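A look at the structure
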Amino acid sequence: MRYLSTRGGPAVSIEKAIMGGTARDGGLYVPEALPAFNASDFPDPDDFPDVATRLLEPFFAGSSLAAHLRAVCRSALNFPVPLRQLETAPGFLAVLELFHGPTAAFKDVGARFLAHCMEQIIRDGVFATAPVTVLVATSGDTGGAVAAAYHRRPGTRVVVLFPEGRVSPRQQHQLTCWGDNVVSLAVRGEFDDCQRVVKEAFADSALSARHRLCSANSINVGRLLPQAAYYARASLGHWRTTGRPLSFIVPTGNLGNAFACVWARRLGMPVGRIVLATNANTTVPDYLATGQWLPRPSIPTLASAMDVGNPSNMERLRSLCGDVETLRQEVTAVPVSDAEIRSTIIDEYHRHGLPWCPHTATGLRVYRELPEAECVLDDWAVVATAHAAKFDTIVEPLLDIRVDPPAELTALLQRPAQFETIPADLGALAARL
Ligand SMILES: *Cc1c(COP(=O)(O)O)cnc(C)c1O
């Protein structure tokens with residue numbers, strides 16, 4: 001399998017797409033073709049690493065990673081991604097819990113898979129020579145997941161940029177508690193500034209070559225591919241037990257998670273409808289409504305990991321779907337306000353006794369807004385993107401309870417933290433590299 005740039009540049013290998021992050025022409029890598037699967041190609045839908053291996057095999061065909069894919073999936077995807085059923089009437093509602101990894105957000109899936117692939121590529125000496133610098137901009141959860149996935153991994157150094165004062169205290173701790181080969185930088189600005197500085201660093205070919213810069217953002221195809229696997233696992237499992245496809249509501253920021261869901265359906269997985277839930281950053285719902293793509297600065301919201309005004313992966317979605325008319329057949333999008341996030345966290349806690357994070361709450365809100373006929377017609381899963389304990393400062397006062405972090409998160413919170421603060425410009429980052 002070869003990988004093409006969304007802007008038409010030459011085809012490259014998966015190793016190069018993974019180590020390069022973005023294409024030289026500024027585009028994003030996409031596979032030149034999508035393989036087609038049937039549900040019967042997956043004998044055990046409950047075995048997440050096995051589903052991932054089978055689904056991803058064609059994407060690694062002919063590469064140095066092909067022989068390692070099963071081992072990579074087994075060691076990187078070593079935590080559960082359960083579908084928790086909440087309701088059966090009036091319609092089927094489940095939550096796809098993606099927060100059982102080391103940093104309690106779905107970003108662990110892509111980050112760990114990518115780190116294992118990169119380490120293998122470096123070890124095989126196929127494409128890259130050590131040490132490489134993994135540069136990552138984060139709106140909160142990516143940085144922690146990437147730092148955790150690469151911490152003390154030989155041949156790599158990680159530099160994490162996060163927006164000062166825009167991440168939750170526990171998220172910030174996860175971004176800054178590493179040391180060793182991980183450098184954490186608070187940027188005076190918002191997530192979009194972090195992302196811009198990172199893009200500028202990659203565009204500076206001298207700088208990029210000097211530090212052998214690699215990207216671990218969701219623009220890296222090596223992060224997106226394994227995300228398709230949890231949609232495959234969940235929808236195949238549901239199909240196996242009910243014979244019905246599963247529709248997904250995906251809390252959306254930079255559009256990586258939602259894009260992976262679209263891929264899963266295109267690969268032949270029994271995925272029904274795909275609805276994107278956004279916060280007050282409405283670039284995507286506005287685009288679907290008006291046909292005009294108007295990226296803008298992000299607005300801070302309670303669902304801060306979704307505070308993205310210019311979602312990078314729209315370029316991939318557009319290259320897959322073409323015009324806005326086709327895109328409208330593929331996905332719909334619904335914005336959710338902070339007030340609705342708050343009331344949803346409270347309502348859902350009273351309904352089922354479960355605390356959900358503000359991002360997951362956007363998805364649940366969108367479900368509650370569906371006309372009852374649509375709840376009955378399709379079976380729905382809301383994607384739970386992070387554990388509520390990561391956003392304790394928001395969730396606990398609303399519910400007047402304590403939300404205990406899972407064990408792995410507790411261990412991280414006990415490590416000492418350290419970071420430096422830089423202005424939002426390339427010069428400052430280059431000096432720190
Ligand atoms: C990153 C993130 C999102 C948004 O996902 P995208 O792939 O950027 O659309 C939603 N919720 C949480 C908790 C996240 O960390």
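Refer to the preceding data block for the structure.
Residues numbered from 1 in each chain as written. Predicted model: local features only at pLDDT ≥ 70, side-chain atom pairs only at ≥ 80, totals over all residues. Heavy atoms only, no water.

The next thing to look at is the overall build of the protein chain. Helix and strand counts for the protein chain stand at 19 helices and 13 strands. For 433 residues, the compact-globule estimate of 2.2 N^0.38 gives 22 Å, and the protein chain sits close to it at 20 Å. Along the three orthogonal principal directions, the C-alpha set of the protein chain runs to about 60 × 45 × 45 Å. Residue burial in the protein chain is summarised as follows: out of 433 residues, 61% are buried. For the protein chain, restricting intrachain contacts to residue pairs at least 6 apart in sequence, the fraction spanning at least 24 positions comes to 75%. With the model as given, the accessible surface of the protein chain reaches about 15400 Å², and the carbon-plus-sulfur share is 51%. Averaged over its 40 positive side-chain charges, the protein chain has a centre that lies 5 Å from the centre of its 44 negative ones. (Helix = DSSP H or I, 4+ residues; strand = E, 2+ residues; numbered from the N terminus. Rg over C-alpha atoms; globule rule 2.2 N^0.38 Å. Buried < 20%, exposed > 50% of the residue type's maximum accessible area, 1.4 Å probe, protein only. Contact = heavy atoms within 4.5 Å. Areas by Shrake-Rupley, 256 points an atom, 1.4 Å probe, with all protein chains shown as cover. Lys, Arg positive; Asp, Glu negative; His and termini not counted. Charge placed at Lys NZ, Arg CZ, Asp CG, Glu CD.)

Now for the site of the ligand. Residues in contact with the ligand amount to 14 residues; listed here are only the nearest, K107, D141, G253, N254 and T385. Taking K107, its side chain carries an N or O atom lying 2.6 Å from an oxygen atom of the ligand. More than half of the atoms belonging to the ligand lie within 2 Å of the grid points that define the largest cavity. A class-by-class count of the residues in the shell around the ligand yields five nonpolar, seven polar and two charged. (Near = heavy atom within 4 Å. Polar contact = N/O pair within 3.5 Å; in protein donor to acceptor, adjacent residues only side chain to side chain. 1 Å grid on protein atoms, 1.4 Å probe; cavity = no way out; pocket = protein on both sides within 12 Å on 5 of 7 lines; lining within 4 Å. Sits in = over half its atoms within 2 Å of the grid points. Nonpolar A, V, L, I, M, F, W, Y, C, P; charged D, E, K, R; others polar.)

Here the focus is empty space enclosed by the protein. Applying the stated criterion across every chain yields a total of three cavities of 30 Å³ or more. In this structure, the largest cavity spans a volume of roughly 290 Å³. What lines the largest cavity is a set of 27 residues, among which F106, K107, G253, N254 and A305 lie closest to the centre. Of all the secondary structure elements, the ones that give two or more residues to the lining of the largest cavity are α5 (141–150), α9 (221–242) and α10 (256–266). Broken down by element, the residue count for the lining of the largest cavity peaks at three residues, all from α10. For the lining of the largest cavity, the class distribution of residues is 11 nonpolar, 13 polar and three charged. Its volume calculated, the second largest cavity comes out at about 60 Å³. If you trace the second largest cavity, you find it lined by S139, P163, R166, F191, S298, S304 and D307. (Points joined across faces, edges and corners; volume = space filled by probe spheres on them.)

Bringing the layout of surface pockets into the picture now. The probe, sized like a water molecule, is rolled over the atoms to show the empty space still left. Space inside the largest pocket adds up to approximately 990 Å³. In terms of lining, the largest pocket is formed by 41 residues, of which the most central are G20, T22, A23, R24 and F202. Among the secondary structure elements, those contributing two or more residues to the lining of the largest pocket are α1 (14–20), α7 (191–203), α8 (205–211), β8 (213–215) and α12 (314–321). If you tally residues by element for the lining of the largest pocket, the top one is α7, at five residues. Partitioned by chemical class, the residues of the lining of the largest pocket number 19 nonpolar, 14 polar and eight charged.

Attention shifts here to the sheet that holds strand β3 (residues 83–87). Ordered in space as β3-β4-β12-β9-β10-β11, the six strands form an open sheet in which the pairing is mixed. Edge positions in the sheet fall to β3 and β11 (332–335), since each of these pairs with one other strand and no more. Each strand axis lies, on average, 25° off the axis of its neighbour in the sheet, ignoring direction. Across five bridges, strand β9 (residues 246–251) lies against strand β10 (residues 271–278) in parallel orientation. Across the sheet, the residue bridging to L246 is V271, located in β10. Relative to β10, α10 is tilted by about 170°, and along the sheet it contacts β9, β10 and β12 (379–384). (Pairing = 2+ DSSP bridges. Axes fitted to C-alpha atoms, helices over the stretch in contact; angles between N-to-C directions.)

The subject of this paragraph is the environment of D425. Along the chain, D425 turns up in the loop between β13 (420–423) and α19 (426–432). You can call D425 partly exposed: its relative accessible area is 36%. Taking the C-alpha atoms as reference points, D425 and E15, separated by 410 residues in sequence, lie 30 Å from one another. For D425, the side chain forms a polar contact with the main-chain nitrogen of G427, separated by 3.1 Å.

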